[in-house]
Amino acid sequence: MAWLMVLLVTPLLLAAVWTVDTSIRLLWNYSAARTIGAPIRFIPISPLNPFWVLLDRKVLPIFRRLPFGDNSFTRYNWRGWEIEDRYRSHHEMGDIWVLVTPFKNWVYINDPEALMSVFRRGTEFPRPVFVSEILNVFGPNISTAEGQQWKTQRRIATRAFNEQNNEIVWSESITLANDMLRYWTSKASIKSSADDLRTLSLHVLSRAGFGKSFPFEGHDERQSNISPSSNYKESLQIILENCVLILAFGTKFIANPWLPRKFRIVHEAWVSFRAYMTSLYEEEKRAFAEGKVTDHNLMTSLVRASQDEEAKSSGGLTEAEIYGNMFAFNFAGHDTTANTFTFSIYFLAANPDVQDWVSEEVKSVLGDRQPHEWDYRADFPRLKRCLSVLLETMRLYTPVPTIKWTDNKAQPVTVGDKTYILPPHHMIAPSYGSIQTDPRYWGPDSLDWKPSRWIKAATPGNEELDLHVRGAFIGWSEGTRDCPGKKFSQVEFVATMAVLFLHWRVDPVLASGEGIHAARERVLDLIKADSGTVLLLQMLHPERAPLVWRRE
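Being a predicted model, the structure only gives us computed values, none of them experimental. (Residues numbered from 1 in each chain as written. Predicted model: local features only at pLDDT ≥ 70, side-chain atom pairs only at ≥ 80, totals over all residues. Heavy atoms only, no water.)

## What to know about the packing of aromatic side chains
In this description, a pair of aromatic rings is defined by centroid distance and the angle of the planes.
Okay, step 1: This structure, assessed with the given rule, holds 33 aromatic pairs.
Okay, step 2: Ring centres of Trp 97 and Tyr 108 lie 4.9 Å apart, and the angle between their planes is 15°; this geometry places the pair in the stacked category. Here the residue Trp 97 occupies a position in strand β2 (residues 96–100), and Tyr 108 occupies one in strand β3 (residues 106–109), the gap between them amounting to eleven residues. Accessibility classification places Trp 97 together with Tyr 108 in one group, the buried group.
Okay, step 3: Here Lys 104 stacks its cationic end above the ring of Phe 103, 5.0 Å away from the centre of that ring.
Okay, step 4: The ring centre of Trp 442 lies 5.1 Å from the NZ or CZ of Arg 395, which sits over that ring. (Phe/Tyr/Trp six-rings, centres within 6.5 Å; stacked < 30°, edge-to-face > 60°. Helix = DSSP H or I, 4+ residues; strand = E, 2+ residues; numbered from the N terminus. Buried < 20%, exposed > 50% of the residue type's maximum accessible area, 1.4 Å probe, protein only. Lys NZ or Arg CZ within 6 Å of the ring centre and 35° of its normal.)

## Let's talk about the packing of helix α11 (residues 232–241) against helix α15 (residues 319–349)
Okay, step 1: Put simply, α11 and α15 touch, their axes get as near as 11 Å, and they point 70° apart. In this view, α11 runs roughly perpendicular relative to α15, as classed from their interaxial angle. Every pair of crossing elements has a handedness; the one defined by α11 and α15 is right-handed. Where α11 abuts α15, its residues Tyr 232, Leu 236, Ile 239 and Leu 240 lie against Phe 327, Asn 330, Phe 331, His 334 and Asp 335.
Okay, step 2: Tallied by class, residues from the contact of α11 with α15 come to six nonpolar, two polar and one charged. (Axes fitted to C-alpha atoms, helices over the stretch in contact; angles between N-to-C directions. Parallel < 35°, antiparallel > 145°, perpendicular 65-115°, else oblique. Left-handed = near helix turned anticlockwise from the far one by under 90°. Contact = heavy atoms within 4.5 Å. Nonpolar A, V, L, I, M, F, W, Y, C, P; charged D, E, K, R; others polar.)

## Observations concerning the sheet that holds β3
Okay, step 1: If you trace the five strands from one edge of the open sheet to the other, you get β1-β2-β3-β7-β4, paired in mixed fashion. Every interior strand has two partners, whereas the edge strands, β1 (40–42) and β4 (404–405), have only one.
Okay, step 2: Note: β1 against β2, three bridges, orientation parallel. Among the inter-strand pairings, Ile 40 is bridged to a residue of β2, identified as Val 98. (Pairing = 2+ DSSP bridges.)

## Brief notes about unusual backbone geometry
Okay, step 1: Phi is positive for Asp 407, which is not a glycine, with a value near 60°.
Okay, step 2: Note on placement: Asp 407 falls in the loop between β4 and β5 (411–415).
Okay, step 3: Residue class for Asp 407 comes out partly exposed when judged on its relative accessible area of 27%.
Okay, step 4: Positive phi, normally seen in glycine, also occurs at His 468, with a value near 60°.
Okay, step 5: Counting through the fold element by element, His 468 comes out in the loop between β9 (464–465) and α21 (486–501).

## A few points about the pairing of strand β6 (residues 418–422)
Residues in a regular strand point their side chains to alternate faces of the sheet.
Okay, step 1: Relative to β6, β5 runs antiparallel, the two being bridged by five bridges. Of the residues in β6, the one forming a bridge with Pro 412 is Ile 421.
Okay, step 2: Remark: two residues form the turn of the hairpin made by β5 and β6, two consecutive strands paired antiparallel; Gly 416 in that turn has positive phi of roughly 65°.

This is the structure:
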């Protein structure tokens, strides 16, 4: 009987302790938030709580069905709420407001000038590296470094992301996109678009990152049950597809033999990938010492740049930092690009006029030349319409939002005509879901997917980009800590779009009794209703809308 009482009372005591602790933390943070003088909302669970991250989308629908289910908890306490909310909260509360949570307060800003000020003042508004420390699974890297260590890593990373590497990205993307297009056009319909685009992105990274080319394999062409140690690509693919396990539990924990087989496979992939990087690192060091000229892939460039820096006594990257940065580049460049590709393909399938518009430019720039004759330096800068598809997709569905914080010192920020003092240890959340769709900066059709808004009209191939208000688009961040792989992703995307839409078009497969216009509306509804954050923002079930490719 006593044990039964313990079992009954213990959960109640734990709940009471949690409630009291949360209430105290909320009151403490509320008192700090009040000093700012901006509107305030509350949520009871921190968005950085790892357990809540796993449960939020499963639990909140239950609360929404309860009486008074429309409240700050159900509105703001889940990953990706910014995409659904868009500019609604800011139009209700103004261009700055505060979300009080038990861990940190979050200050949301929807003013381009204020955001640019925050990005430019990198030392006053640093990145909260404690949020990204989980990316140190292979070593310190540019995403987690601070101070002089970050400056060294940034300088060397910038040398690695160079024009020679972009040429590799260009040619590899063209080759892989042609192979993917052959696979897609050989099928009556395609449900695996997202999966195939992940493969393309992975293979581009393999070549541009490590100098290893792999032929494209469609979803139905891949062998199953391949050992993660069979080659570098397989180990990296397993790691990237199971990042949540590694980031949540750590590499030591997943090595335990009593865990499910999936954990052991992921750990085996981690060991294999690290061994591969070690081998390549030693190989590049020997080549550098012997004065041999090798490839311009990212790994080679990091090693050589580090050796150069050491020779100048200004300090290069350590072996662990090279491994850490290579993982960070792959982690940041794989899912972000692949997910944006998927959104774009589905938007294009619902907008045949945009496909024709893109194709007009591709034909004008590339003419009758064969893909192997396409020239990165001459052709890429002219394919502005292809690039506008990427920009417009990222405007509406930014895969990775940027966050800053005030660290341990209060900082002023001017929003509109008023200056606010933000207390120490406050998170700064540039409201990307709002600023990138606010009609004040994007017009009355700001929620529509419209790539032409980025183009200053002229003859195809001779157009310029319309970049709008500085600070109203923050897809790759801004300031000194902007994304070093920005052009890498742009080159990969533009080359792939040029291949796909030179002579081909894509449509949704019609459901029974459905017309093409209804099918396109169904695709747009799927994008809006079935997108969410897993590790990054993505379409959750794109396979529910199969696609078909046809010759123009």
